[in-house]
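# Examination of the molecular architecture
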Amino acid sequence: MASTGSTPFPKWQLAILLGAPLAIGLGYLYLRNRFEDPEKKKVAELNAKATISLDNDENAKASESAIDRAMKLKGAGNRAFHAGEYDKAIALYNEAIEACPPDRPIDLATFYQNRSACYEKREMWEQVKEDCTFALKLNEKYVKAFLRRSRAAEKSGDLVLALEDVTSACILEKFQVQSSLVNADRILKALGRQHAREALAKRKPVMPSKHFIKTYFSAFSEDPIAKIKVDEKATNGFAKAKRALDSQDYESVVGYCTEEIEAEGAHKYEALLLRATFFLLLGRHEDSKADLGKVIDSDAPTKIRVNALIKRASLYTQLENTEHCLEDFANAAKLDPKISDIYHHRGQVYLLLERMEEATAEFAKAVELNPEFSIAFIQKCYADYRHAQLHKNINALSQVRSDFEKALERFPNCAEVYILYAQVLSDQQEWGRAESLFESALSVDPNNATLYVHKGLVQLQKSTDFDKAVKLINKAIEIDDKCDFAYETLGTIEVQRGNLRRSLELFEKAIALAKTEQEMTHLFSLKDAAAAQLKVSERWGLDWTVS
């Protein structure tokens, strides 16, 4: 799995950095409870408890008699429900609804809600939704009705309604009820996955930025394509593809590779590998897998086949197929156990899987085989840090810091060294040194847009300075308008600031740049959460904007 020069943080860690409730993703933020005026609430409760009409004594007695009868029917319905006699309970709640006076909306809402519980037991989802809707018309902030309608909507496949309702419940509960948060998280993931699959089916491949592609290739210390020299006068497809690669004319690479492959040229396998690599970068996974498979099953030189196996393993990681991923790494090691890239990239996979013992061992092996490969060396330092942190090993943490300092001296022209050390120091709340390291990284790699995103995150962590963070992240977008990390982070910040419409625009831009179902699911979850919160906010007139 090639490094992209962006954050090694898992997506959930971004939630912690930005202070978002983890269980339901970044979209939900309870900033202020502005929708409930205590005095108005008190008056509403008193009105709801009114049991009689005040017109005259005769009307009062009639109303009192009607509500008494309705309450008795409700009590009988409750007993039938708890006895599992759902049809009988429904009939009794029907009578209670008929008997209930019109000036008792809260009680009437309860009767509808109780009847919906019976329908829920019978798995009659449309009836559940209908009764909950009646209950909510009578009592617009009825938490139980929102939660039950959410469950029914989820069961019937209406995930948008399910999310909106559980969002309403979470807001009313002030995000304090864990079961509601868990339900929201589950619905978000399901809806995000649904939207991601729909989007993937019709997405147009987008070429990543030149910086991203250059960084991707730099993560392979033994790239067989990079080592091939072509005659400047050669006119075959591969020679043209290689010249396009070297001059960063990336849009032309696939076409030239295809030309070499169709001509059955001398560099057919190299062309297949290079085309597969660009298919991978474009998110054309099936095309990439097909080309890589042809290389792996061929009699191509060993280094070509090993590189293909590493890239297919990376592809399987993106497709969340860990078994096939690790199988490809194992086969690569069998072909040539002395290629350090195998262990470097397998170490990254173990790091993502939180398998720290294996990650540190893999990076150590990569460094042993190629001690001058700066990226592998610094990622070993980072894995050692994560391992020491996990085991709360103070001595190991001290040694890791020493190793990072040595790496700065040894590899002063490697931006990754500054980036990973800065992230470790940010984790330790050493903001000043972290900022200076990001500045050093920018002096080495001024076109790395993700560095401005990291600097923005430091501002949020150390001082919650939203304005400064936003300015820095907008700078990242100026440098690289294909920096999905910038759009995602800025969208998340705008959710926190209450600018929900703006957050939707930013998440949409990040989605357009995503290349895997996993990435898209995550981004759609953020967008769907913000959209649901916006709809609920508009319904109740909430103001989430940070003043």
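Just so you know, these numbers come straight off a predicted model, no measurement behind them. (Residues numbered from 1 in each chain as written. Predicted model: local features only at pLDDT ≥ 70, side-chain atom pairs only at ≥ 80, totals over all residues. Heavy atoms only, no water.)

## Description of the overall build of the protein
Summing up its helical and strand segments, the protein has 27 helices and zero strands in all. Within the protein, buried positions represent 55% of all 547 residues. Look at the contacts in the protein between residues 6 or more apart in sequence, and 60% of them connect residues 24 or more apart. In the structure as shown, the protein presents an accessible area of about 25100 Å², 49% of it carried by carbon and sulfur atoms. (Helix = DSSP H or I, 4+ residues; strand = E, 2+ residues; numbered from the N terminus. Buried < 20%, exposed > 50% of the residue type's maximum accessible area, 1.4 Å probe, protein only. Contact = heavy atoms within 4.5 Å. Areas by Shrake-Rupley, 256 points an atom, 1.4 Å probe, with all protein chains shown as cover.)

## A look at the packing of helix H20 (residues 394-410) against helix H21 (residues 415-427)
In contact at an axis separation of 10 Å, H20 and H21 are set at 150 degrees when each is read in the N-to-C sense. In terms of their interaxial angle, H20 and H21 are classed as roughly antiparallel. Crossing hand, H20 versus H21: left-handed. Touching Arg401, Phe404, Glu405, Ala407 and Leu408 of H20 are Val417, Tyr418, Leu420, Tyr421, Val424 and Leu425, all from H21. Broken down by class, the residue content of the contact of H20 with H21 amounts to nine nonpolar, no polar and two charged. (Axes fitted to C-alpha atoms, helices over the stretch in contact; angles between N-to-C directions. Parallel < 35°, antiparallel > 145°, perpendicular 65-115°, else oblique. Left-handed = near helix turned anticlockwise from the far one by under 90°. Nonpolar A, V, L, I, M, F, W, Y, C, P; charged D, E, K, R; others polar.)

## Things to note about the side chain of Thr360
For Thr360, the position within the fold is in helix H18 (residues 356-369). Within the structure, the side chain of Thr360 is placed 2.9 Å from the backbone oxygen of Glu357, a separation counted as a polar contact. (Polar contact = N/O pair within 3.5 Å; in protein donor to acceptor, adjacent residues only side chain to side chain.)

## Some remarks on the nonpolar core
One finds Phe217, Leu245, Leu274, Phe278, Phe329, Ile342 and Phe404 to be the most contacted residues of the largest nonpolar core, which totals 123 residues. With ten residues, helix H13 (residues 268-282) is the largest single contributor of residues to this core. In contact with Phe278, other than residues within four places in its own chain, are Met207, Ile213, Phe217, Leu245, Tyr250, Val253 and Val254. In this structure, Ala70, Ala153, Leu172 and Leu542 belong to the second largest nonpolar core, which totals 51 residues. (Core = buried A, V, L, I, M, F, W, Y, C linked by side-chain atoms within 4.5 Å.)

## Some remarks on the packing of aromatic side chains
Per the stated rule, a full pass over the model turns up ten aromatic pairs. Taken together, the aromatic side chains of Tyr216, Phe217, Phe220, Tyr250 and Phe278 make up a single cluster linked through ring pairs. Lys141 extends its terminal NZ or CZ atom over the ring of Trp540, reaching a point 5.6 Å from the ring centre. Lying over the aromatic face of Tyr343, Lys365 brings its terminal NZ or CZ to 5.9 Å of the ring centre. (Phe/Tyr/Trp six-rings, centres within 6.5 Å; stacked < 30°, edge-to-face > 60°. Lys NZ or Arg CZ within 6 Å of the ring centre and 35° of its normal.)

## Points about the confidence of the model for the protein
Here the protein averages 88 in pLDDT, and 88% of its residues register 70 or above. pLDDT under 50 marks residues 1-58. Its contacts with residues more than four places away, or in other chains, come to 131 contacts. (pLDDT = per-residue confidence, 0-100.)

## Focus: helix H8 (residues 159-172)
Across its 14 residues, H8 extends 20 Å between first and last C-alpha, which sits within 8% of the 20 Å expected from 1.5 Å per residue. Among the 14 residues of H8, 13 are classified as buried, and the element is accordingly described as predominantly covered. At the exit of H8 stands Lys174, carrying a positive phi of roughly 55 degrees. (Expected span 1.5 Å × (residues − 1).)

## Regarding helix H22 (residues 431-444)
Across its 14 residues, H22 extends 20 Å between first and last C-alpha, which sits within 8% of the 20 Å expected from 1.5 Å per residue. All of the buried residues along H22 are Trp431, Ala434, Glu435, Leu437, Phe438, Ala441 and Leu442. Seen end-on, H22 carries its buried residues on one side only, within an arc spanning 160 degrees. Along H22, exposed side chains directed more than 90 degrees from the buried face belong to Gly432 and Ser443. Where H22 is buried, its residues contact H20, H21 and helix H23 (450-463). (Arc of directions from axis to C-beta.)

## Some words on unusual backbone geometry
Despite not being glycine, Gln248 shows a phi value in the positive range, around 65 degrees. Positionally, Gln248 belongs in the loop between helix H11 (237-246) and helix H12 (253-262). The backbone phi angle of Glu320 is positive, close to 60 degrees, even though this residue is not glycine. Considering the arrangement of structural elements, one finds Glu320 in the loop between helix H15 (302-318) and helix H16 (322-335).

## Digging into the pattern of salt bridges
In the structure shown here, the tally under the stated rule is 34 salt bridges. Between Glu358 and Arg355 there is a salt bridge; the shortest N-O distance is 2.7 Å. A cluster of three or more residues bridged by salt bridges with shared partners is formed by Glu120, Arg148 and Arg151. (Salt bridge = Lys/Arg side-chain N within 4 Å of Asp/Glu carboxyl O.)

## Thoughts on the environment of Val470
Relative to the assigned elements, Val470 resides in helix H24 (residues 466-479). Linking Val470 and Gly491, residues 21 residues apart in sequence, is a C-alpha distance of 9.9 Å. Sequence-distant contacts of Val470, defined by excluding residues within four places in its chain, comprise Leu490, Ile493, Glu494 and Arg497.

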